[in-house]
Amino acid sequence: MAAVFLGVRHHSPACARLVKRTIEALRPAHVLVEGPADVNPRLGELRLGHDLPIAIYTYYRDEARSHASWTPFCDYSPEWVALTTAHEVGAQVRFIDLPAWHPAFADRGNRYADAEARYDEAVDRLCREFAVDNVDTLWDHLFEVPDDADLAVRLDAYFTLLRGDSEAGPDDRARESYMATWVRAAVAEAGERPVVVVTGGFHTPALRALAEPGTPTPGPPASGAGAPPSRARPGAGDPGAAGKALSGKEFATGWPAVPEPPEGSSGASYLVPYSHRRLDSFTGYQSGMPSPEYYHHVWEVGVERAADALVEAVVRRLRKRRQPVSTADLIAARTQASALAVLRGHEQPARVDVLDGLTGALVSEDLSAPPPWTRRGVLPPGTHPAVVEMVAALSGERVGRLHPDTPAPPLVSAVVAELAELGLDHDGEVRLDLADPGGRTRSRTLHRLRVLDVPGFARLSGPGSGAEPTAREHWRLVNLDTRVPALVEAAAHGATLEEAATTVLRERVPDAEVADLGRVLFDAALCGVPTPGVLDAVAEGLGRVSDLAAVGSVLADVLALWRHDRVFGTAGSPALAAVLDAAVTRVLWLVEGVRGAQAVAEPGRLRAVAAVRDAFRHAADALPTEERVAADVFARIAVDPGVPPDLRGAAFGWAYAGGVDVRSRTTAATVGDWLAGLFAVAREDVLGDRHLVAAVDDLVTELSEVDFLRALPALRQAFGYFPPAERETVAGLLLEHRGVGGSTRALTRTPLDPLVLAEVLELETRVDDVLAREGLA
């Protein structure tokens, strides 16, 4: 007997009802469902008695790529209804699609993503024909609201039109060819009994053609271009699964082989709780129907009562947030929704009828943008608060729960045990002393959970860098329902908290902005993870960075951890030496390539030079790069007129502090920036050398009045490197050089802002010039 193909839209109540009726009427030998074929030996896990929505979460990692994807089910998903109804009528049920790790899903985070981009033209044409805004409204108009009498015929015509003559991509062709092999095998095995095939409607026309008798059967799809040949065996399971086929059914050898991941890869599939919010297209979900709570009501009580439930849910949410909604408003909303349904040819109010009716009754002012249900996508910023509540009401707060016997990855049980052992398995606030070994152990566990984005662990205060003196942390712990799903998904990174956190930190490096590399290193210190893998990645990443200031910032952060961070055990750590050397080498390489005569000091690059100075001052024994190499670089920079003045001053300061005799020149226009570089690198040396202070005083004194006024802002920036006490020291050396007495405190604390005094002097100079020109001096 030929196969019966049911093309569906994912998460459609109308399609779910059609699937249920068809299977119950035909009582087929086999029900084939679009889903990951490698999960077939574990279909029993889906029947344990979960509260939906749930999803099959799959992760995969090899040397070339890492991938995570979800196969979600809610109560009204046609695929879920096919699985449960097939079991009720005694049919053999199987998933027939490629495993989620396969390269055909490399660009999909969700298996049930709609293919609308491939048939936008047909959808637009239909929307114009039926005078609707988008595909969701079109779908309701054609399928959810009308009677189900000829639903199968209309669905078949709809999906045939959408697929049309469009050429599917190689990923879809690979999936469809593979699914067709299952269809042919099922039909051959069923004999005279029917076979029901439930797949996304986009695939149905192609599957119907590919499943015709005599169509060549391709071999199992390979693991992907350039990958090792895939291994396959009938009914092959997930490499990281619980190991026991809970379904209790063995598959005959005539069924298609299931591709296995390439050698050397890792991956697993597990059930995780899901939520209606994650299903909702208004929150960025890749496919299916928007407003899942509304369609849940459509599935349970029908379109008419779902409309009433929608109105009630919106009103409850608005009143809970103290937004006034009167009985008259409620009556007006229902009246407008009913009138709009009649105008639009709906026997009962559809979703958009109710939403438009609520908007007309509850929103008195003009909306700044069209309502979000007139298009696909997330809510834009500035959406009217009442509209936000409407969308939230339609999304709902339903969260799935797994049966207690559901297999979970080792990380879940490991974390539960670790939190209990450390006394962190409760709600409340926790204060930790990082100087205490017990407090440090608890802190590391909490930071590892934070790095893995496991919800319910919020640090309220604590050190922000390795150089901060505080050794106390304050956390707030909340045991949320989303903790276990997050841990299941985090298991993709490792079987223990330490392993998973290390993997995440290492993977953050390639995508991190250079300024974030220091953050990655500090997170590694907070987590207490084995750092070589992370540090090697950071060291390699620094070699590709061209931002001198950013590399200098990372160098300063790493040096602080190396010097001061005894709380986290990184002070003097040999593991940090490679990063220190990589940062020093990169700064030296970048700084020698800076050219230009711009007379503006850049503090970021000056801090980079100062960080190199500190690295050789405090960690010279740990650096493979010799200090003489840096000295040679800065000696060349100091005398190069093509280098910006602040870097020349910094290079002179480096050489001066190191006792190297170099000559660096500056001009009246650039003296302030040159001094900024000098003070940024050799401030302490200036304080101890009265001769250098005398030379700087002579340099400034030789400036003309006009040049001095022009240089004053840069001079202020340069002397800003000295804190107040050190400015008094400089003032004392200056008074001594000039041979005069007086109070250094009074000299450094003028009653007026120096810039105001400079502006006064400049104004007086201009007045004197005018008077002299007019003979009135």
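Quantities reported herein were computed from a predicted structural model and do not represent experimental measurements.

Digging into the sheet that holds strand S10 (residues 428-433)
Each strand in a sheet pairs with another by means of backbone hydrogen bonds, the pair being arranged parallel or else antiparallel. Read from one edge of the open sheet, three strands run S10-S12-S11, paired in antiparallel fashion. If you trace the sheet from one side to the other, it starts and ends with S10 and strand S11 (457-461), each paired once. Here the strands of the sheet are splayed against their neighbours by 30 degrees on average, with no regard to which way each runs. Two strands pair when backbone bridges link them, and S10 and strand S12 (residues 472-477) are joined in this way by six bridges, in the antiparallel orientation. Bridge pairing links leucine 432 to glutamate 473 in S12. Sheet strands in contact with helix H15 (residues 437-451) are S10, S11 and S12, and its direction is about 125 degrees off that of S10.

Concerning the packing of helix H25 (residues 671-687) against helix H27 (residues 705-719)
Where H25 contacts H27, the axes come no closer than 7 Å and their chain directions differ by 5 degrees. In terms of orientation, H25 and H27 fall into the roughly parallel class. Contacts between H25 and H27 involve Val671, Gly672, Asp673, Leu675, Ala676 and Phe679 from the first element and Ala711, Ala714, Leu715, Ala718 and Phe719 from the second. Of the residues contributing to the contact of H25 with H27, the split by class is nine nonpolar, one polar and one charged.

Some details on the environment of threonine 441
Its location among the elements puts threonine 441 in helix H15. Note on threonine 441: relative accessible area 41%, which makes it partly exposed.

Let's talk about helix H10 (residues 303-320)
Helix length check: H10, at 18 residues, gives a terminal C-alpha distance of 26 Å against a target of 26 Å (1.5 Å per residue), a fit within 8%. In this fold, the buried residues of H10 make contact with helix H4 (135-144), helix H9 (292-301), helix H11 (327-343), helix H12 (351-362) and helix H13 (385-395). A positive phi of about 60 degrees marks arginine 322, the residue just after H10.

Points about the packing of aromatic side chains
The geometry of an aromatic ring pair is captured by two quantities: the separation of the ring centres and the angle between the planes. Considering all chains together, one arrives at 17 aromatic pairs under this definition. Measuring from ring centre to ring centre gives 5.7 Å for tryptophan 182 and tryptophan 255, while their planes differ by 25 degrees; the resulting arrangement is stacked. Pair noted here: tryptophan 182 is in helix H6 (residues 170-190) and tryptophan 255 is in the loop between strand S7 (232-234) and strand S8 (257-259), with a separation of 73 residues, a long-range link. Tryptophan 182 gets classed as buried once you look at its relative accessible area, which sits at 1%. With centroids separated by 5.3 Å and ring planes inclined at 35 degrees, the aromatic side chains of phenylalanine 652 and tryptophan 674 adopt a geometry described as tilted. Here phenylalanine 652 is found in helix H24 (residues 645-657), whereas its partner tryptophan 674 is found in helix H25, with 22 residues between them in sequence. Residue class for tryptophan 674 comes out buried when judged on its relative accessible area of 7%. Following the ring pairs from residue to residue traces out a cluster consisting of Phe73, Trp80, Phe95 and Tyr112.

Observations regarding unusual backbone geometry
That bond from leucine 52 to proline 53 is cis: its omega, 10 degrees, falls within 30 degrees of zero. Considering the arrangement of structural elements, one finds proline 53 in the loop between strand S2 (30-36) and strand S3 (54-61). The phi dihedral of alanine 131 falls on the positive side, at around 55 degrees, and the residue is not glycine. Its location among the elements puts alanine 131 in the loop between helix H3 (120-130) and H4. Non-glycine residue serine 291 carries a positive phi angle of around 55 degrees. Assignment of secondary structure puts serine 291 in the loop between helix H8 (276-279) and H9.

Regarding the pattern of salt bridges
Counted under the stated rule, the structure contains 34 salt bridges. For the salt bridge of arginine 773 with glutamate 774, the shortest nitrogen-to-oxygen distance reads 3.7 Å. Comparing arginine 773 with glutamate 774, the two get one shared label, exposed.

Scoring rules and cut-offs
Residues numbered from 1 in each chain as written. Predicted model: local features only at pLDDT ≥ 70, side-chain atom pairs only at ≥ 80, totals over all residues. Heavy atoms only, no water. Pairing = 2+ DSSP bridges. Helix = DSSP H or I, 4+ residues; strand = E, 2+ residues; numbered from the N terminus. Axes fitted to C-alpha atoms, helices over the stretch in contact; angles between N-to-C directions. Contact = heavy atoms within 4.5 Å. Parallel < 35°, antiparallel > 145°, perpendicular 65-115°, else oblique. Nonpolar A, V, L, I, M, F, W, Y, C, P; charged D, E, K, R; others polar. Buried < 20%, exposed > 50% of the residue type's maximum accessible area, 1.4 Å probe, protein only. Expected span 1.5 Å × (residues − 1). Phe/Tyr/Trp six-rings, centres within 6.5 Å; stacked < 30°, edge-to-face > 60°. Salt bridge = Lys/Arg side-chain N within 4 Å of Asp/Glu carboxyl O.

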